[in-house]
Each structure stands twice: as C-alpha cells, then as structure tokens.
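This is what each chain is made of:
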Amino acid sequence: MTRTKILFLPGAGGSPHFWKPVAAALPSDWPKEHFGWPGLGAQPHDPAVRGLDDLERLVTNRMDGPVDLVAQSMGGVIAARIAVKHPERVRRLVLCVTSGGVDMVGLGASEWRADYRKSFPTAAAWITDARSSAPLPVEKITAPTLLIWGDADPVSPLAVGEHLAARLPNAHLEVVSGGDHDVASTHADLVARLIAKHLV
C-alpha cells in the first residue's frame, strides 16, 4: 500500500525548515515534502507570488493525488482553503495555531504585523498590508482534522482553536500546556506524536 504524502506548510515566517524537527520525529518511511513561501520571512522573492492565491497554487500544483496537509499559522489558512475547495484531494488535515479564515481579533488575537516587519524587514509588502484573510466556510471541510494549540499563544489564542473545533464537522482539538505560537518548534516531539496518531 502506498503511503499518503505529507505536505508541510509553514506560517508567514516562510521557512521550509520550520516543520523539519517534527517531520524528523515521524516514521522515516512516510513520504514528506516541505514548502517555503517565496518572499516571506527571509525567503528569496518571486515576482509571481503576490498573495495567498499564489501560495495556494504552489501547493495544489504539487498534489498529484490525495495528500495529508500539516500546516502552521498562515499556512493553515492555505491548507483550509484547499480542503474546502478540493475535499477529494485532502485525506487528513492538521492545523496548528492557525486562523483558518476566522475573526481573529474578535477571538482575542494580538496584533503581529509590527513585530513581523521588525523581524523580517525585507519580506513582501503584501503579507502585512492585508488586514485579515477572507472568512472561510470551514464547515465544508470533510477531512478528519487535528487542531493543535498552545494555551499561551497571543497570536492565535486557544479560543480560535476552540472556535474551529466547534465549527469543523470532523475535528479534534489537542492543547499543549505552555505552548506559544511556535509550539511546533518548542514541543516538536509531543506535536509529532499527536500528528503521527492522527495520520495513521
């Protein structure tokens, strides 16, 4: 039996290395692909990438069959968009400290753009110019979904994970005690165990 490929999508930091500690803790024979986002974080720019639509296209162009999507923060918006539009192409979904196209401010999220711009002054303008991602009809996501949240994340508070858990028809929320917005890095072994159990 051919194992489903896992596509790892980072957040606005854009680095293809973000998920590698988690991926390294998963079985070595599981096929994996790591995405980086051109122009975001410290990644080289690509004039063809001007927004989320282009990043979504980068991912769907690499989906040659059903895949598992593992995504953090902004990457989770892309993963959720794909799961809504192409349910037959997403076997299982993992959303980690994302927004998923919901009202972040209304759920207590802090403003992140100024700090992001200080950390990544050469990042593409569009990432901080956009005030919010468009609302998504997440109720249409049919893939079994694992939601992973830290309980100490000001950027994507636990309330966001709880909101998504209530709206997605086939979702399970796992809360990491003390986890911040970089919970997949700081608690890589625990996050990998949760993901491995979900993707079996």
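The coordinates are above.
Note that the coordinates shown come from a computational prediction; the quantities given were computed from them, not determined experimentally.

Draft legend 1. Just the packing of aromatic side chains, in detail. One pass over the structure, following the stated rule, counts five aromatic pairs. Between the aromatic rings of F18 and W19, the centroid separation amounts to 5.5 Å while the plane-to-plane angle is 90°, which identifies the pairing as edge-to-face. Assessed through its relative accessible area of 18%, F18 is described here as buried. According to the relative accessible area criterion, W19 is buried, its value standing at 1%. Centroid distance W112 to Y116: 5.6 Å. Interplanar angle 90°. Geometry classified as edge-to-face. Grouped by ring-pair contacts, the aromatic residues F8, F18 and W19 constitute a single cluster. Sitting over the ring of W30, R3 keeps its end group 3.9 Å from the ring centre.

Draft legend 2. Focus on helix 3 (residues 74-85). The terminal C-alpha atoms of helix 3 lie 17 Å apart, and with twelve residues this matches the ideal 16 Å at 1.5 Å per residue to within 8%. Burial analysis of helix 3 places eleven of its twelve residues in the buried class, which makes it a mostly covered element. Those residues of helix 3 lying buried are M74, G75, G76, V77, I78, A79, A80, R81, I82, A83 and V84. Residues of helix 3 that are buried in the fold lie against strand 1 (6-9), helix 2 (52-60), strand 3 (67-72), strand 4 (90-96) and helix 5 (126-129).

Draft legend 3. Representation of the sheet that holds strand 2 (residues 32-34) in the model. Strand order in this open sheet of six strands is 2-1-3-4-5-6, and the pairing throughout is parallel. The open sheet terminates on both sides in strands that have one partner only, identified here as strand 2 and strand 6 (171-176). For this sheet the average axis-to-axis angle between neighbouring strands, irrespective of direction, equals 15°. Pairing analysis gives four bridges linking strand 1 to strand 3, with the strands arranged parallel. When the sheet's bridge partners are listed, I6 is paired in strand 3 with D68. Helix-sheet contacts for helix 3 involve strand 1, strand 3 and strand 4, and the interaxial angle to strand 3 is about 150°.

Here is what the cut-offs are and how they apply
- Residues numbered from 1 in each chain as written.
- Predicted model: local features only at pLDDT ≥ 70, side-chain atom pairs only at ≥ 80, totals over all residues.
- Heavy atoms only, no water.
- Phe/Tyr/Trp six-rings, centres within 6.5 Å; stacked < 30°, edge-to-face > 60°.
- Buried < 20%, exposed > 50% of the residue type's maximum accessible area, 1.4 Å probe, protein only.
- Lys NZ or Arg CZ within 6 Å of the ring centre and 35° of its normal.
- Helix = DSSP H or I, 4+ residues; strand = E, 2+ residues; numbered from the N terminus.
- Expected span 1.5 Å × (residues − 1).
- Contact = heavy atoms within 4.5 Å.
- Pairing = 2+ DSSP bridges.
- Axes fitted to C-alpha atoms, helices over the stretch in contact; angles between N-to-C directions.

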